[in-house]
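Structural characterization, general
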Amino acid sequence: MTALRRLPRLLAVGVRTHVVYQSRSPLEITFAAVLPVVQATLAVYLFRAAGDPDRLIQASVGAGLMGMWSSVLFGSGGAVQNQRWLGTLEPLVVAPAPLAAVLLPITLATAVVGTYAMGATLLWGVLLFGVPLHLAHPLAFVAAVPACVLALGLTGMLLAATFVLLRNANALANALDTPVWLLSGLLVPITVLPGWTRPLSWALPPTWGARAVQAATGGGAVWPPLLAAIGSGLLYLAAAVAALRYVERRARAAATLALS
Amino acid sequence: MLAIEADNLTRTFPIRTGGRLRGRRTEVHAVRGVSFGVARGELFGLLGPNGAGKTTTIKMLNTLLLPTGGSARVLGHDVASEPVAVRRRIGYVFGGDRGLYDRLSAQDNLRYFAELYGVEPREQRRRIAELLDLVGLSGRERERVEGYSRGMRQRLHIARGLLHRPEVLFLDEPSIGVDPVAARDLRRTVAGLAAAGTTVLLTTHYMAEADELCDRIAVIARGSLQALGTPAELKSAVSGVGVLEIEAYGIDDARLSAVRALPGVRSAAVRDDGRTQWLTVQSADGAADPEPSVRAALDGLRPGRTLRREPTLEDAYVAVVSRAGDETPQAAA
Ligand SMILES: Nc1ncnc2c1ncn2[C@@H]1O[C@H](COP(=O)(O)OP(=O)(O)OP(=O)(O)O)[C@@H](O)[C@H]1O
Ligand SMILES: [Mg+2]
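Described in the following lines is the structure provided in the data block.

Procedures and definitions
- Residues numbered from 1 in each chain as written.
- Chains lettered and ligands numbered in written order.
- Predicted model: local features only at pLDDT ≥ 70, side-chain atom pairs only at ≥ 80, totals over all residues.
- Heavy atoms only, no water.
- Helix = DSSP H or I, 4+ residues; strand = E, 2+ residues; numbered from the N terminus.
- Buried < 20%, exposed > 50% of the residue type's maximum accessible area, 1.4 Å probe, protein only.
- Lys, Arg positive; Asp, Glu negative; His and termini not counted.
- Salt bridge = Lys/Arg side-chain N within 4 Å of Asp/Glu carboxyl O.
- Polar contact = N/O pair within 3.5 Å; in protein donor to acceptor, adjacent residues only side chain to side chain.
- Contact = heavy atoms within 4.5 Å.
- Pairing = 2+ DSSP bridges.
- Near = heavy atom within 4 Å.
- Areas by Shrake-Rupley, 256 points an atom, 1.4 Å probe, with all protein chains shown as cover.
- Nonpolar A, V, L, I, M, F, W, Y, C, P; charged D, E, K, R; others polar.

**Looking at the side chain of Glu-141 of chain B**
Residue and element names in this part refer to chain B. Among the structural elements, Glu-141 can be located in the loop between α4 (121-134) and α5 (150-162). The side chain of Glu-141 is buried and forms no salt bridge, while Arg-142, the nearest opposite charge, is found at 4.8 Å. A polar side-chain atom of Glu-141 sits 2.6 Å from the main-chain amide nitrogen of Gly-139. Discounting chain neighbours no more than four positions away, the residues touching Glu-141 are Ser-105, Ala-106, Gln-107, Leu-132 and Tyr-148.

**Some remarks on the environment of Asn-82 of chain A**
Residue and element names in this part refer to chain A. Relative to the elements of secondary structure, Asn-82 occurs in helix α3 (residues 56-86). By relative accessible area, which is 29% here, Asn-82 ends up partly exposed. Distance from Asn-82 to Val-13, taken between C-alpha atoms, is 19 Å for residues 69 residues apart in sequence.

**Let's talk about the pairing of strand β9 (residues 216-221) of chain B**
All names here are of chain B. Of all 6 residues in β9, 5 are buried; the element is thus mostly enclosed. Across 4 bridges, strand β3 (residues 43-47) lies against β9 in parallel orientation. When the sheet's bridge partners are listed, Phe-44 is paired in β9 with Arg-216. As paired elements, β9 and strand β10 (residues 224-229) share 5 bridges and run antiparallel to each other. In the sheet register, Ile-220 faces β10, and the bridge partner there is Leu-225.

**Description of the environment of Ser-257 of chain B**
Residues and elements named next belong to chain B. With respect to the secondary-structure elements, Ser-257 resides in helix α9 (residues 253-260). The class for Ser-257 is partly exposed, based on a relative accessible area of 44%. Taking C-alpha positions, Ser-257 is 8.6 Å from Ala-268, a pair spaced 11 residues apart along the chain. Within the local environment of Ser-257, its side chain forms a polar contact with the backbone oxygen of Asp-253, the two atoms lying 2.9 Å apart.

**Here we look at the site of ligand 1**
The full set close to ligand 1 counts 16 residues, and Gly-51, Lys-54, Thr-55, Thr-56 and His-205 of chain B are the nearest of them. In this structure, ligand 1 is bordered by residues of chains A and B. For ligand 1, an oxygen atom lies 2.8 Å from a polar atom in the backbone of Gly-51 of chain B. The side chain of Thr-56 of chain B places a nitrogen or oxygen atom 2.5 Å from an oxygen atom of ligand 1. When isolated, ligand 1 has an accessible area of 640 Å², and the protein chains bury 71% of it. Broken down by secondary-structure element, the contributors of at least two residues to the shell around ligand 1 are β1 (4-17), β2 (24-38) and α1 (54-61) of chain B. Taken together, the residues of the shell around ligand 1 sort by class into 7 nonpolar, 7 polar and 2 charged.

Structure, rendered in structure tokens:
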């Protein structure tokens, strides 16, 4: 009971700790901001070439979303791996707090740090290309970005659960990067993908998060996809919590908590 | 109820040897059936050479590793099936400079772990200040850990392990890299905790530390328990007529083997203090004084002075471990 009462504070302190920790790495922050800016530049040129200047802001936002996704993906894979390198995975596991409540703040923090990418691409678009910062629903945008952060963070949580077991989690993270941002329509709409991929897209919380953010940017219904993002994210969370019970036991059996 | 109960604890690790193609899968037997009990409030030492299985034993007891055989309970809770109940009651401190968030300050590290270890929010600030003071980091708590020296990190580890006032404390080489004065403070802290009722399981390679602190000591080598008793018992088990140290020059392996084979000699080793060699001989229980025969065996090397002293814990440890080395063949699996 007390554990439940203290959960919000535990999560808040966890997110704060890991956002601060991740924000203090000049290298990671540079990557988080620079890569999306490069992608945004490419996207702007592609969209221009396609004679679609109205969608320039979409390009900036889409590149920002991709940046957020990369941050979550490498963040969650890297988070577990980083804890292992830092030697903090063992003290975290030995703490009485449930492992899910320990890992969730880490993945949420990576999504929060990922919003630097969104900020960077928007700023870049405005400053360099004179992309008008015209948002269809500015208020909804402010709600959609955190919802998208949550959806991405919860997806990362399911990934993190599997990464606890894998000593070379980074390889899997690499393999998942492109398919997921393609399937969830972060940059290009999923309508351009073959029809059979649609169910895969729908199953990914980032799809809905991205749709909400894009609707808030370019017009369209924001709230249904926003709720879908949160709902599907919570399903992922439930799956992650269930998986973690098994994963933690496996990790204790296979001795994958320490590096040695 | 015992604070810690290990019952035939066993752990093997699968390992690969050789390259990817020609590599073989084999097993390391890290801990092979270790049993012991630690009473509440007892300060229990676990000694043994590198790779003996001390850390593996501790990690099974603190729920980080599942035993592959046997069982263990901490304050009555099974370590394999009730990990959360065990974790609530234990603290774990390990040696080395990893295991901390080095881009955060000591204070932020402790705040985070205080939350994870369930320290009441109202109590956290005071508890953290108290512990920083205890480990001598007050005044530096706002600096990032990346700028800390090795010993400072080690002290932070100790503070973290104590945050939630654990009933059972696992200390795996807690004094590694800590300067002598701080190490003495640490010993005083650990002794104080034990006096106040905390059960402590300690591993260390510093024999004097173990001798000073521990109520009882278990020596493990090659994954098996080799000796168990109070420091006095362990020492008396090797005493006989005590330890002889004979000054000599140029002792070679052949001579050393000859000395070891003498009746009345339990073990012998050579120690070099830079200028002279000393032959350290432990006499066997109930045997006659081996000094004359040892001096005779060193004939030609013109042995010098003989010093006699009571055995130290180190003598006892060396005797136990070298006996284990002789008796357990390497390939036993
Ligand atoms: N994760 C692992 N995978 C494979 N082998 C392991 C693993 N952990 C430990 N071992 C092996 O188990 C044995 C015991 O190791 P352990 O760390 O328990 O020794 P120790 O007594 O703590 O030694 P030290 O004094 O050096 O700390 C060693 O042979 C070690 O190589
Ligand atoms: Mg060890």
